[in-house]
Each structure stands twice: as C-alpha cells, then as structure tokens.
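Examining the three-dimensional arrangement
Read off the chains here:
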Amino acid sequence: MVDDDREVGVSVGWDGQQGSLNVKSRFFSAWDRYFGAKADRAGLATAEEIEVKRALTKSHVALIEAATATIAAHIMSDPDQAQRALAIYGRMSSQFENTTATLALVAEELKLSTAVPSETEANDPDTLDEDLLNRWEHYAGGATSEQLRERWARVLASEIRRPGTFSPKILRIVDELEAQVAILFERFCKTRIGSWAPAISHDLTSVELEVLSDAGLIRDEEIPRSIDFATTTRGDGSRWWMLRNDSFGVVVREASDLQGIGTSQLSFDDVRTMDGVLKINVNVLTTSGQALASIVPNNEEEAFRALNKSLLRYAGDDDVRLVKKNPQLGFVDDRES
C-alpha cells in the first residue's frame, strides 16, 4: 500500500457561479455515494468532513487490499475459480468506467442548464433517494455507448434539479425504451407545451401515437382532450383568442374567417369553436411521459412557432400571430418586437 496522504480518485470541476447550493449538494452527494472520493465541492465541505472522508478512504483501500490478497492465495490452485474471478473483475471494472463517464456528463449537463430555480427549491432535500441511486447506478453501469451515457446523465441531472421526477418504474421505462420509440417521442416533444402537444403541430400519425401510448408515454383517450383559448382585447379594441405560457403565445383574431374548422356542438375536429371559444385538440403526456420529457430537448418558442404555423392553415397571416412577453409591455406581436 502506498503511504500517501493524498486522495486518489476521479475528480470533477464546478464553476462556483453555476447552479443553486441545493443542486450542487445533491450532485456531490451522488458523486461521493458512488466513488467514496471527495470531489471538488467548491466550498461545500468542512475541514472535519474532509478528514473523515480521508480516513474512510484509507480504511476501504486497506480492506480491499487484504481481501485481494486472500482471494489471490485461494485461487492459485483453482484455475476455474481464477477465470470466474477475472470475469467478475472485468464486469466490475467496466461498470465503474461506465458510471464514472456518465456521472461526468451529469456535471456538464447541470453546468449547461438554464433552468430557473423553483419557488419550492429551498425545501428540496440536500441528498437524493438512496434506492433511486442504486437503481440508476445499475443502469448507468451498463451504458457502454455514448448515446446511453448521455441518456442516463440527463436522467440523473433532471432528478438532481427536481427530486422526485423519476421513480423506479420510470427508470425501467427509460431503460426499456426502444430506439424507434425514442425517436418518435423526441419528435412529439419538439412541439410540446407543458404536459401536452397540439394535435395539429406534432405531425405524428395515429399509428405512431399508438406506439407512444403503448409505451406508456402519452394518454390513450377515446374522446380527444382539448385546450381552450382565452379571450383578450388589443389596444385598438379588436378581440383575439389567445393561448400562452409565461413567455410565448399565439393569438387568433375572433373576427377572422376560419376555414375548415368544426363549429358543431358535437364536433371533435382538431380545431373548432364552441360557444364562442376556440379549441384545439391535444395529446397529453402520462406521468412517465412527463418525466421522460424532462430529459428531451424542448424549445418552448419553437413549439409556439409550430402551433402558429399550423393555425395558418385555417386563417390568414394577419389573423394568426405569435406573441412574446415583454417585461414592460406585456405580450406583444413577434413582428413588432
């Protein structure tokens, strides 16, 4: 054994200006959980914590060396057992390498995140659920390709940002997700607005939607789910239907001559009016789908642009507009901002 007081192990840097303290704490708790080595905590650890970790690390190394010596002596006379031991060591080495590489990607994912901390973040735990970490380690340990490592890195990064996003069941769904289903789901999520996507925007066929439903990612509903537009009035007195989130929206002039939409009380058309309200059909994510969607790139502005483009099939360019939130003026026409 090398008599050296320095710590040996993998390390990861973290820009001290990135992320909240809770997010950093959860990340480093996961890092220490897997590797038993202190990462660069950017001031999170006290001197006492560091000394305790160093002592534990030395104890672990001593136990491993003693166990290795005992096993080596035992298998010298048993070639079959030696071969099994080498196979086990090879698997363990591969799993450690895969997990190390994946967790390094988690750090990069968190540093690149532009997510705004939630109002309840201060009440979030400083560490992650131990059972969930055990299951994540199992899947990440088998991630031999860069694509799989990126997938599992996004899973843990999402859980670190918002504890409780993933459950063991959802981890299993992620693991069993076939490549073709993943591609369809990414197409769906390009037009996702919150927990749903407009039926006129995602351009998936009924067969493709059934594949996502069978995978447990979107709800299977006999009667289409719809979203109502609100009514708003511009400064010139004109009335518009409006659908928006906190940053973007789409407006449709109430007086416009909408072509090809349903107007009957019994209509289930993808775009329709009922009692003076504009409605669009949407496909809704399941709980598992919402969790998985958190690791799929989503640009809310592009999602609203896709909805705006789709609505232009029913009305003229002057009657359908994309709007953006202006801090001083509220929502304004994208072409005028």
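Our subject is the structure listed above.
An account of the accompanying structure is given in this report. (Residues numbered from 1 in each chain as written. Predicted model: local features only at pLDDT ≥ 70, side-chain atom pairs only at ≥ 80, totals over all residues. Heavy atoms only, no water.)

Observations regarding the overall build of the protein
If you tally the helices and strands in the protein, you get ten helices and nine strands. At a minimum sequence separation of 6, the contacts of the protein that also span at least 24 residues come to 66%. Carbon together with sulfur atoms contributes 50% to the accessible area of the protein, which is approximately 19,200 Å² in total. (Helix = DSSP H or I, 4+ residues; strand = E, 2+ residues; numbered from the N terminus. Contact = heavy atoms within 4.5 Å. Areas by Shrake-Rupley, 256 points an atom, 1.4 Å probe, with all protein chains shown as cover.)

Here we look at the pattern of salt bridges
Under the defined criterion, the tally for this structure stands at ten salt bridges. Among the salt bridges present, the one from Arg135 reaches Asp131, with a minimum N-O distance of 3.2 Å. Of the two residues, Arg135 and Asp131 both sit in helix H4 (residues 130-141), four residues apart, roughly one turn of that helix. For Asp228, the salt bridge is made with Lys279, and the minimal N-O distance between the two is 2.7 Å. Of this pair, Asp228 sits in strand E2 (residues 225-228) while Lys279 sits in strand E7 (residues 277-284), and the two are 51 residues apart along the sequence. Residue class for Asp228 comes out partly exposed when judged on its relative accessible area of 41%. Put simply, Glu301, Arg305 and Lys324 are held in one network by salt bridges that share partners. (Salt bridge = Lys/Arg side-chain N within 4 Å of Asp/Glu carboxyl O. Buried < 20%, exposed > 50% of the residue type's maximum accessible area, 1.4 Å probe, protein only.)

Some details on the packing of aromatic side chains
Across all of its chains, the model carries two aromatic pairs by this definition. With 4.9 Å between their ring centres and 5° between their planes, Tyr139 and Trp152 make a pair best called stacked. Within this pair, whereas Tyr139 is found in helix H4, its partner Trp152 is found in helix H5 (residues 146-161), the two being separated by 13 residues in sequence. Aromatic pair Phe185 and Phe188: ring centres 6.4 Å apart, planes at 10°, arrangement stacked. Of this pair, Phe185 and Phe188 are both found in helix H7 (residues 179-189), three residues apart, which corresponds to roughly one turn of the helix. Residue classification places Phe188 among the buried residues on the basis of a relative accessible area of 0%. (Phe/Tyr/Trp six-rings, centres within 6.5 Å; stacked < 30°, edge-to-face > 60°.)

What about the nonpolar core?
For soluble globular proteins, nonpolar side chains are generally found buried alongside one another. By size, the foremost hydrophobic cluster in this structure holds 46 residues, and its most contacted members are Phe27, Val106, Phe185, Phe188 and Leu212. Excluding residues within four positions of it along the chain, Phe185 makes contact with Leu212, Leu217, Leu285, Gly289, Leu292, Ala293 and Val296. In this structure, Leu243, Phe248, Phe304 and Val320 belong to the second largest nonpolar core, which totals 24 residues. (Core = buried A, V, L, I, M, F, W, Y, C linked by side-chain atoms within 4.5 Å.)

Focus on the side chain of Arg192
Within the secondary structure, Arg192 is located in the loop between H7 and strand E1 (196-198). Despite its burial, Arg192 pairs with no opposite charge; the closest candidate is Glu300, at 8.3 Å N-O. Beyond its immediate stretch of four places on either side in the chain, Arg192 contacts Ala197, Leu285, Ala293, Asn298 and Ala303. (Lys, Arg positive; Asp, Glu negative; His and termini not counted.)

Thoughts on empty space enclosed by the protein
For the structure on display, the rule yields one cavity of 30 Å³ or more. Size it by volume and the largest cavity reaches roughly 30 Å³. In terms of lining residues, the largest cavity is bounded by Val252, Leu258, Ile261, Val271, Leu278, Leu311 and Tyr314. Among the residues forming the lining of the largest cavity, the class breakdown is seven nonpolar, no polar and no charged. (1 Å grid on protein atoms, 1.4 Å probe; cavity = no way out; pocket = protein on both sides within 12 Å on 5 of 7 lines; lining within 4 Å. Points joined across faces, edges and corners; volume = space filled by probe spheres on them. Nonpolar A, V, L, I, M, F, W, Y, C, P; charged D, E, K, R; others polar.)

Here's the deal with unusual backbone geometry
If you check the backbone angles, Asp203 has positive phi at about 65° while not being a glycine. For Asp203, the location among the structural elements is in the loop between E1 and helix H8 (206-214). When its relative accessible area of 63% is taken as the criterion, Asp203 is described as exposed. At Asp275, a residue that is not glycine, the phi angle is positive and equals roughly 55°. Residue Asp275 is classed as exposed on the basis of its relative accessible area, which comes to 65%.

Digging into the pairing of strand E6 (residues 271-274)
What you see with E6 is no split at all: Val271 and Thr273 on one side and Arg272 and Met274 on the other are buried throughout. As paired strands, E6 and E7 are joined by four bridges and run antiparallel to one another. Residue pairing in the sheet places Met274 in a bridge with Val277 of E7. Once E6 ends, the chain turns through two residues before running back antiparallel as E7, passing Asp275 with a positive phi of about 55°. (Pairing = 2+ DSSP bridges.)

A short note on the sheet that holds strand E4 (residues 239-244)
One open sheet accounts for five strands, arranged E3-E4-E5-E8-E9; its pairing is antiparallel. Because the sheet does not close on itself, it has two edges, and the strands there are strand E3 (230-233) and strand E9 (330-333). On average, each strand axis in the sheet is tilted by 40° relative to the strand beside it, whichever way the strands run. In terms of strand pairing, strand E5 (residues 248-253) meets strand E8 (residues 320-326) through five bridges, oriented antiparallel. Paired with Phe248 across the strands is Lys324, a residue of E8. Against the sheet, helix H10 (residues 300-311) engages E4, E5 and E8, with an angle of about 15° to E5. (Axes fitted to C-alpha atoms, helices over the stretch in contact; angles between N-to-C directions.)

Some details on a negative patch on the surface
Judged by side-chain charge, Glu210, Asp214, Asp220 and Glu222 come together as a negatively charged surface patch. The exposure class assigned to Asp220 is exposed, which follows from its relative accessible area of 68%. (Patch = residues over 30% accessible without salt bridge, like charges linked within 9 Å, V, L, I, M, F, W, Y side chains within 5 Å. Charge placed at Lys NZ, Arg CZ, Asp CG, Glu CD.)

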